[in-house]
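Listed below, chain by chain, are the residues.
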Amino acid sequence: MIPQTIEFGVGALKKLPEIMKENDLDHVFLISDHGLEALGVVKKIQDIVEEAGLKCTTYLDIQANPTSAIVADATEKYKACGASSIIALGGGGPMDVAKAVGVVATYGGKIFDYEGNFKVPGPIVPIFAIPTTAGTGSENSPYAVITDAESGLKKIPQYSADLALIDPVMTYTLPKSQTAATGMDVLAHCIEAITTCYYNHYANLFAINGIQLVFKYLPRAVKDGQDKEAREWMMMGANLGGLAIAEASAQFGHAFGHCMGSKHHKPHGLYCAWGTPAAIAVACKYYPEGAKIVADAMDIAYDDNTTMDELCAKMTEKVVALMKEIEIPSMKASGYTLEDCQSVSIHMPDDAAFLGIPKENMPQDEIKSFIQVAYEAYQ
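Here's what I pulled together on the structure shown here. (Residues numbered from 1 in each chain as written. Predicted model: local features only at pLDDT ≥ 70, side-chain atom pairs only at ≥ 80, totals over all residues. Heavy atoms only, no water.)

**What about the packing of aromatic side chains?**
Here is step 1: Overall, the coordinates contain nine aromatic pairs when judged by the stated rule.
Here is step 2: Ring geometry for F29 and Y59: centres 6.1 Å apart, planes at 35 degrees, overall tilted. With F29 in strand β2 (residues 27-31) and Y59 in strand β3 (residues 55-59), this residue pair connects regions lying 30 residues apart in the sequence.
Here is step 3: Assessed through its relative accessible area of 1%, F29 is described here as buried.
Here is step 4: Taken together through their ring pairs, the aromatic side chains of F29, Y59 and Y78 make up a single cluster.
Here is step 5: One residue, K155, lies across the ring of F112, its end atom 4.9 Å from the ring centre.
Here is step 6: Stacked on the ring of F215, the Lys or Arg K318 has its end atom at 5.1 Å from the ring centre. (Phe/Tyr/Trp six-rings, centres within 6.5 Å; stacked < 30°, edge-to-face > 60°. Helix = DSSP H or I, 4+ residues; strand = E, 2+ residues; numbered from the N terminus. Buried < 20%, exposed > 50% of the residue type's maximum accessible area, 1.4 Å probe, protein only. Lys NZ or Arg CZ within 6 Å of the ring centre and 35° of its normal.)

In structure tokens, the structure reads:
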């Protein structure tokens, strides 16, 4: 389930007023955050909408790892203002909240009434997704990752945006650290999509290309935020990663990332970067055919005499080298002990991404052992 329309490329934003008018929409509810407001990005979109003669109401209280309480508050304000459509502007947080608001505003109840596949009974209000990061792919994916305000755990209702307006210009001002973290999320999406139990060749078409783009262009985008070619190709990589997980989901790395994010509230891309060595180890042990596809995409040399342990080490070494190059801090350097990281293992089987692991009923001791692999892979 992907957006009905994807507009990609420099200048894509210019099509927004025309698309809204074609759909007889006169009032948009703009969901974003105060960080983008401070950078002038929110005003840029407001001006585009208002100069076209359309009304724009903003909701900017989105934070990292948005909660069901934020969804409820945003839904109330959306309904009160009388808007007829939603723009999601930013990274995964605004995208996820926009999808959730659209569902609850249309059908009522609470957002977790719609958790899982095919729970939304029909169309919702039009949602236009405008990403400002090259990472989450949420503008394409059907997932809305929302933290339960009561339990603190992440849950994943499902609905897609109607339109993704993907303009690389929107990432030119993205800080170095966010460029690195969101770029690693792209890599995690692509590696995990190839190695889930929902494996399919269609998803691989996106994911293989996405892996290649990350290794080629992410270091350049981190080094020079004004490298337009690198920014554009990383935006394409994020787009492909979102399409890949929409078709094949994710696995261990994202289950770890979701549970760590629920507890510690750092950027999602960091946790997924840290979880990637574990996702590779899981794939090499339980889905070697998929792991070899990833290795090929990473341009790693191996032959019939290469053991899966050896291949796993080569793949992990290349991912860790990338993290070092773009200055992703390690878990240890970020203040986490191994015990801190393993403490989330109890929650991981309840995470939707855990269902994608190519092994059923992974026991707690094995979950902890794979977390240890990730922790020790990058010190």
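**A short note on the pattern of salt bridges**
Here is step 1: Applying the stated criterion to the full structure yields eight salt bridges.
Here is step 2: Its salt-bridge partner being K43, residue D47 comes within 2.8 Å of it at the nearest N-O pair. Highlighted residues: D47 and K43, both in helix α3 (residues 41-51), separated by four residues, approximately one helical turn.
Here is step 3: In this structure, the salt-bridge partner of E327 is K176, at a minimum N-O distance of 3.5 Å. With a gap of 151 residues between them, E327 in the loop between α12 (308-325) and α13 (338-342) and K176 in helix α6 (residues 176-194) connect regions that are remote in the sequence.
Here is step 4: Residue classification places E327 among the exposed positions, given a relative accessible area of 55%.
Here is step 5: Salt bridges sharing partners connect three or more residues here, namely R220, D227 and E229. (Salt bridge = Lys/Arg side-chain N within 4 Å of Asp/Glu carboxyl O.)

**Overview of empty space enclosed by the protein**
Here is step 1: A full pass over the atoms with the stated rule returns one cavity of 30 Å³ or more.
Here is step 2: Here the largest cavity is characterised by a volume of approximately 60 Å³.
Here is step 3: Looking at the lining of the largest cavity, the elements that each hand over two or more residues are α6, α7 (201-223) and α8 (228-248).
Here is step 4: Broken down by class, the residue content of the lining of the largest cavity amounts to six nonpolar, four polar and one charged. (1 Å grid on protein atoms, 1.4 Å probe; cavity = no way out; pocket = protein on both sides within 12 Å on 5 of 7 lines; lining within 4 Å. Points joined across faces, edges and corners; volume = space filled by probe spheres on them. Nonpolar A, V, L, I, M, F, W, Y, C, P; charged D, E, K, R; others polar.)

**Regarding the layout of surface pockets**
Here is step 1: In this model, the second largest pocket occupies a volume close to 260 Å³.
Here is step 2: Of all the elements, helix α4 (residues 68-81) adds the most residues to the lining of the second largest pocket, at five residues.
Here is step 3: Split into classes, the residues belonging to the lining of the second largest pocket amount to seven nonpolar, three polar and four charged.

**A word on the packing of α6 against α12**
Here is step 1: Across the interface, α6 lies against α12 with an axial gap of 12 Å and an inter-helix angle of 165 degrees. By the angle between their axes, α6 is roughly antiparallel relative to α12. Classified by chirality, the crossing of α12 by α6 is right-handed. Here M184, L187 and I191 of α6 come into contact with α12, specifically with V319, L322 and M323.
Here is step 2: Of the residues that constitute the contact of α6 with α12, the class distribution is six nonpolar, no polar and no charged. (Axes fitted to C-alpha atoms, helices over the stretch in contact; angles between N-to-C directions. Parallel < 35°, antiparallel > 145°, perpendicular 65-115°, else oblique. Left-handed = near helix turned anticlockwise from the far one by under 90°. Contact = heavy atoms within 4.5 Å.)

**A word on the nonpolar core**
Here is step 1: Of all hydrophobic cores here, the largest spans 83 residues; its most connected members are M184, I211, F252, F256 and M348.
Here is step 2: Among the elements that take part in this core, α7 stands out by supplying eleven residues, more than any other.
Here is step 3: Setting aside residues no more than four positions away along its own chain, F256 makes contact with Y271, W274, G275, M331, C341, V344, M348 and I371.
Here is step 4: V97, V104, V120 and Y159 belong to the second largest nonpolar core, which has 29 residues in total. (Core = buried A, V, L, I, M, F, W, Y, C linked by side-chain atoms within 4.5 Å.)

**Side note on the pairing of strand β5 (residues 127-131)**
Here is step 1: Most of β5 is tucked away, with five of its five residues classed as buried.
Here is step 2: Side chains of β5 alternate between two faces, with I127, A129 and P131 and F128 and I130 buried alike.
Here is step 3: When strand β4 (residues 85-90) meets β5, the two strands line up parallel, connected through five bridges. Considered in β5, the bridge of A88 is made with A129.
Here is step 4: In this view, the connection linking β4 to its parallel neighbour β5 by way of helix α5 (residues 92-107) has right-handed handedness.
Here is step 5: The pairing of β5 with strand β8 (residues 163-166) spans two bridges and is parallel. (Pairing = 2+ DSSP bridges. Right-handed = clockwise from strand over helix to strand, strands pointing away.)

So, to be careful, I would describe these as geometric facts and stop short of saying anything about function.
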